[in-house]
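Examination of the molecular architecture
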Amino acid sequence: CQVSLDGVPNFACRSNYVQAVERHAGCLPIVLPAIGPTLACPALLDRIDGLVLTGSASNVDPTHYGQPRDESKAYDEARDATTLALIHAAVATGVPILAICRGLHEVNVALGGSLFQNLHQVGGKMDHREDESQPRSIQYAPIHRVRLTAGGVLSRAFGVDDIQVSSVHWQGIDRLGAGLLVEAVADDGLIEAV
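Here is a short report on the structure shown in this document.

Rules of the game
Residues numbered from 1 in each chain as written. Predicted model: local features only at pLDDT ≥ 70, side-chain atom pairs only at ≥ 80, totals over all residues. Heavy atoms only, no water. Helix = DSSP H or I, 4+ residues; strand = E, 2+ residues; numbered from the N terminus. Rg over C-alpha atoms; globule rule 2.2 N^0.38 Å. Contact = heavy atoms within 4.5 Å. Areas by Shrake-Rupley, 256 points an atom, 1.4 Å probe, with all protein chains shown as cover. Axes fitted to C-alpha atoms, helices over the stretch in contact; angles between N-to-C directions. Left-handed = near helix turned anticlockwise from the far one by under 90°. Buried < 20%, exposed > 50% of the residue type's maximum accessible area, 1.4 Å probe, protein only. Salt bridge = Lys/Arg side-chain N within 4 Å of Asp/Glu carboxyl O. Core = buried A, V, L, I, M, F, W, Y, C linked by side-chain atoms within 4.5 Å.

The next thing to look at is the overall build of the protein. Along the protein, the regular secondary structure elements total six helices and ten strands. Relative to the compact-globule value of 16 Å for 194 residues, the protein shows a C-alpha radius of gyration of 17 Å, a close match. Partitioning the contacts of the protein with sequence separation of at least 6, the portion at a separation of at least 24 is 61%. In the form shown here, the protein has an accessible surface area of approximately 10800 Å², with 55% of it arising from carbon and sulfur atoms.

Another point: the packing of helix α3 (residues 77–93) against helix α4 (residues 102–110). Contact geometry of α3 with α4 gives a least axis separation of 9 Å together with a crossing angle of 65 degrees. Judged by the twist between their axes, the crossing of α3 over α4 is right-handed. In contact with Arg79, Asp80, Thr83, Leu84, Ile87 and His88 of α3, α4 contributes Arg102, Gly103, Glu106, Val107 and Ala110.

For an α-helix, the turn length of 3.6 residues means that residues three or four places apart are oriented alike. In terms of burial, α4 is a largely internal element, nine of the nine residues being buried. Those residues of α4 that fall on the buried side of the exposure criterion are Arg102, Gly103, Leu104, His105, Glu106, Val107, Asn108, Val109 and Ala110. Tucked into the core, α4 has its buried residues touching β3 (51–53), α3, β4 (97–99), β5 (115–116), β8 (172–173) and β10 (191–193).

So, about the environment of Gln19. On the secondary structure map, Gln19 appears in helix α1 (residues 15–24). Distance in space between the C-alpha atoms of Gln19 and Ser167 is 21 Å, their sequence separation being 148 residues.

This next bit is on the pattern of salt bridges. Under the criterion given, the structure shown has ten salt bridges. Of the charged contacts, one joins Asp162 and Arg145 as a salt bridge, the two residues approaching to 3.6 Å between their closest N and O atoms. With Asp162 in strand β7 (residues 162–165) and Arg145 in strand β6 (residues 144–148), the pair connects residues that are 17 residues apart, well separated along the chain. Residue class for Asp162 comes out partly exposed when judged on its relative accessible area of 33%. Among the ionic pairs, Arg147 bridges to Asp187, the shortest N-O distance being 3.3 Å. Taken together, the residues span a long stretch of sequence, with Arg147 in strand β6 and Asp187 in the loop between β9 (184–186) and β10 at a distance of 40 residues. Arg147 gets classed as partly exposed once you look at its relative accessible area, which sits at 35%. Here the salt bridges do not stand alone but share partners, grouping Arg79, Asp80, Arg102 and Glu106 into one network.

Moving on, we come to unusual backbone geometry. Its identity is not glycine, yet Asp6 carries a phi of approximately 55 degrees, on the positive side. Examined against the element boundaries, Asp6 turns out to sit in the loop between β1 (2–5) and β2 (8–11). The class for Asp6 is exposed, based on a relative accessible area of 83%. One non-glycine residue, Cys101, adopts positive backbone phi at about 55 degrees. The topology assignment puts Cys101 in the loop between β4 and α4. Given the relative accessible area of 24%, Cys101 is considered partly exposed.

All right, on to the nonpolar core then. Membership of the largest hydrophobic core comes to 16 residues, with the highest contact counts inside it found for Leu45, Ile48, Leu51 and Leu86. Listing elements by their share of this core, those giving two or more residues are α2 (42–45), β3, α3 and α4. Examining the composition of this core, we find that five residues originate from one element, α3, more than from any other. Leave out the neighbours within four places in its chain, and Leu51 touches Leu32, Leu86, Ala90, Val95, Pro96, Ile97 and Leu98.

What follows is the structure in structure tokens.
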């Protein structure tokens, strides 16, 4: 995403994502700027072992899945242009993708799926937004359960049927993108992992 530092636009990535790649995966993190579809080039994809699509304060622009924009929401057109092209290129070349929060929504949209824009207003769905009156440690703490798909990748990796997760998103998967398989579902039926 872009942030303003002293009035100057800068590209930024939260340090927790960078540190997780370095510390826990033992990989060299390379932060890619949101500069548009030209980043999804074979020369880049040939040099990386995987792609991590992070969360963000912005939402995926609903025009990418055929819905009108809610102008009260934050969008990041440069990120959409960059990630949607990168996802197509990564899938085509077999580069693995780990998609977290907004990243999950980007993958779903890139593969033809759609999102609920205001999940908290959808009948039968719980409010998945963070409580901004709480400190970040509470906002990002595990808050609800997800059931893992029996025999799925996550179920085999964790060796359990369900886990507790944090929940800090306005959007959520509505129609599943082509080729994606459900890996985890919240108690309200929302797809939380693919």
